[in-house]
Amino acid sequence: MAIDIRKVTVMGAGILGSQIAFQVAYSGFEVTAYDISDAALAGAHHRFAELVATYRDDVPGAAGGKAEQTAAGIVLSADLAVAVKDADLVIEAVPEVLSIKQDTYRRLNEVAPERTIFATNSSTLLPSDMKDFTGRQDKFLALHFSNEIWKRNIAEVMGTSDTDPDVFRAVVDFAGAIGMVPIELHKEKAGYVLNSMLVPFLHSAIALSAGGYADPETVDKTWRIGMGVPLGPFETLDIIGLNTPYNGLANGGEREQKLAAWLKDNYIDKGKLGAESGEGFYRYSGDSV
Ligand code: NAD
């Protein structure tokens, strides 16, 4: 039987969850955004207001009231049972902490209808690490978005060995229906497709500068001109923000920890956290980020 996805609940309306909720609602689906407290929902409300302005500026067709209607149409709830009672799909975007994710799925399984598909937006954890807590291993998989999903519109779809192929297909179709380019993985891989390539690339760039071989400007110039692409690795790191790569490196082996120390001593401890902070490897004027 074809799987119909119309009603979507997003769990955790933080940075990514709010973007996902907004994009799904913008694409015409019924959306509920769940978060743990009224204070967190107030934060979500604020994020939706910012997204209205961003969509009006960046997304063709969003001006003329559509962005405002999108925000107004999203139902906010801090009551999990109410938020998921009729959901066809729950997209989970709670903090990247395995115990929080596992506990979230345990509670979610108690109140969600049996038919509801669960999808995790986790960047670094594998769905296999959570599947035992979902109570529906065949209806569980990863659906991973990139930050600023309205323009970096890929959605990586990755099941476990237990995911029902029909569920996988329905989620791939759903990703297309919300304006994403679906990226299908045939089996589980930490980092999916994009980060499996991007993270080692960024680490190689950091190693060149931390090792004193070439400064960040030179590394970027080499990559931009040599590959004919618009951004070098350090420009990319500035957009991501330096804390995320720092945390990844600090948890690694000896080589990675040396690179983490270089990032910390030369940039993070000096408040140079990337474009959002006004300075990272480069300086940014207020309106350029
Ligand atoms: P965030 O901290 O901005 O948001 C997390 C939200 O979850 C908060 O609003 C918090 O109140 C809420 N929350 C906390 N505990 C909860 C619970 N038990 N139930 C429901 N909600 C709860 O984090 P984020 O950056 O949006 O990341 C969320 C997920 O998205 C992570 O798995 C992360 O790996 C993934 N992700 C993040 C990015 C990114 O660039 N930030 C990109 C891709 C994927």
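Note that this is a predicted model, so its numbers are computed, not measured. (Residues numbered from 1 in each chain as written. Predicted model: local features only at pLDDT ≥ 70, side-chain atom pairs only at ≥ 80, totals over all residues. Heavy atoms only, no water.)

Q: What exactly am I supposed to notice about the sheet that holds strand E3 (residues 75–77) here?
A: What links the strands of a sheet is backbone hydrogen bonding, and the strands pair in either a parallel or an antiparallel sense. Pairing is mixed across the open sheet formed by 8 strands, whose spatial order is E3-E2-E1-E4-E5-E6-E7-E8. For this open sheet the edge positions go to E3 and strand E8 (181–184), each flanked by a neighbour on one side alone. In this sheet, neighbouring strand axes are inclined to one another by 25 degrees on average, regardless of whether the strands run parallel or antiparallel. (Pairing = 2+ DSSP bridges. Helix = DSSP H or I, 4+ residues; strand = E, 2+ residues; numbered from the N terminus. Axes fitted to C-alpha atoms, helices over the stretch in contact; angles between N-to-C directions.)

Q: Is there a simple way to explain the site of the ligand in this structure?
A: Among the 22 residues in the neighbourhood of the ligand, the closest are listed as Leu 16, Asp 35, Glu 96, Lys 101 and Ser 123. A distance of 3.5 Å separates a nitrogen atom of the ligand from a polar atom in the side chain of Arg 107. With respect to the ligand, the side chain of Asn 121 contributes an N or O atom lying 2.9 Å from an oxygen atom. Burial of the ligand by the protein amounts to 78% of the accessible area it has alone, namely 830 Å². Ranked by the residues each element gives to the shell around the ligand, the list is headed by helix H5 (residues 98–111), at 3 residues. Tallied by class, residues from the shell around the ligand come to 10 nonpolar, 8 polar and 4 charged. (Near = heavy atom within 4 Å. Polar contact = N/O pair within 3.5 Å; in protein donor to acceptor, adjacent residues only side chain to side chain. Areas by Shrake-Rupley, 256 points an atom, 1.4 Å probe, with all protein chains shown as cover. Nonpolar A, V, L, I, M, F, W, Y, C, P; charged D, E, K, R; others polar.)

Q: Help me out: how do you make sense of the packing of aromatic side chains in this one?
A: Each aromatic ring pair is characterised by the separation of its centres together with the angle its planes make. Following the criterion strictly, the structure yields 12 aromatic pairs and no others. Seen in terms of ring centroids, Tyr 267 and Phe 281 are 4.4 Å apart; in terms of plane orientation they differ by 55 degrees. Their pairing is tilted. With Tyr 267 in the segment after helix H11 (254–266) and Phe 281 in the segment after H11, this pair connects stretches of sequence that are 14 residues apart. On the accessibility criterion, Tyr 267 (13% relative accessible area) is buried. An aromatic cluster of at least three residues, connected via ring pairs, comprises Phe 22, Tyr 26, Phe 48, Tyr 55 and Trp 150. Above the plane of the ring of Tyr 26 lies Lys 66, whose end atom (NZ or CZ) is 3.9 Å from the centre. (Phe/Tyr/Trp six-rings, centres within 6.5 Å; stacked < 30°, edge-to-face > 60°. Buried < 20%, exposed > 50% of the residue type's maximum accessible area, 1.4 Å probe, protein only. Lys NZ or Arg CZ within 6 Å of the ring centre and 35° of its normal.)

Q: Mind showing me how you'd approach the domain arrangement of the protein here?
A: A common way to express how large an interface is: the accessible area buried when the components associate. Under the domain assignment, the protein is made up of domain 1 (7–184) and domain 2 (196–277). The distance between the C-alpha centroids of domain 1 and domain 2 comes to 30 Å. (Domains from an automatic or database assignment.)

Q: What is the right way to read the packing of helix H8 (residues 216–227) against helix H9 (residues 233–240) from this model?
A: For any two helices packed against each other, one specifies the crossing angle of their axes together with the interaxial distance. Running from amino to carboxyl end, H8 crosses H9 at an angle of 110 degrees, the nearest separation of the two axes being 7 Å. Taken together, H8 and H9 sit at an angle that is classed as roughly perpendicular. Facing H8, whose interface residues are Pro 216, Val 219, Asp 220, Trp 223 and Arg 224, H9 presents Pro 233, Phe 234 and Glu 235. Class assignment for the residues of the contact of H8 with H9 results in 5 nonpolar, no polar and 3 charged. (Parallel < 35°, antiparallel > 145°, perpendicular 65-115°, else oblique. Contact = heavy atoms within 4.5 Å.)

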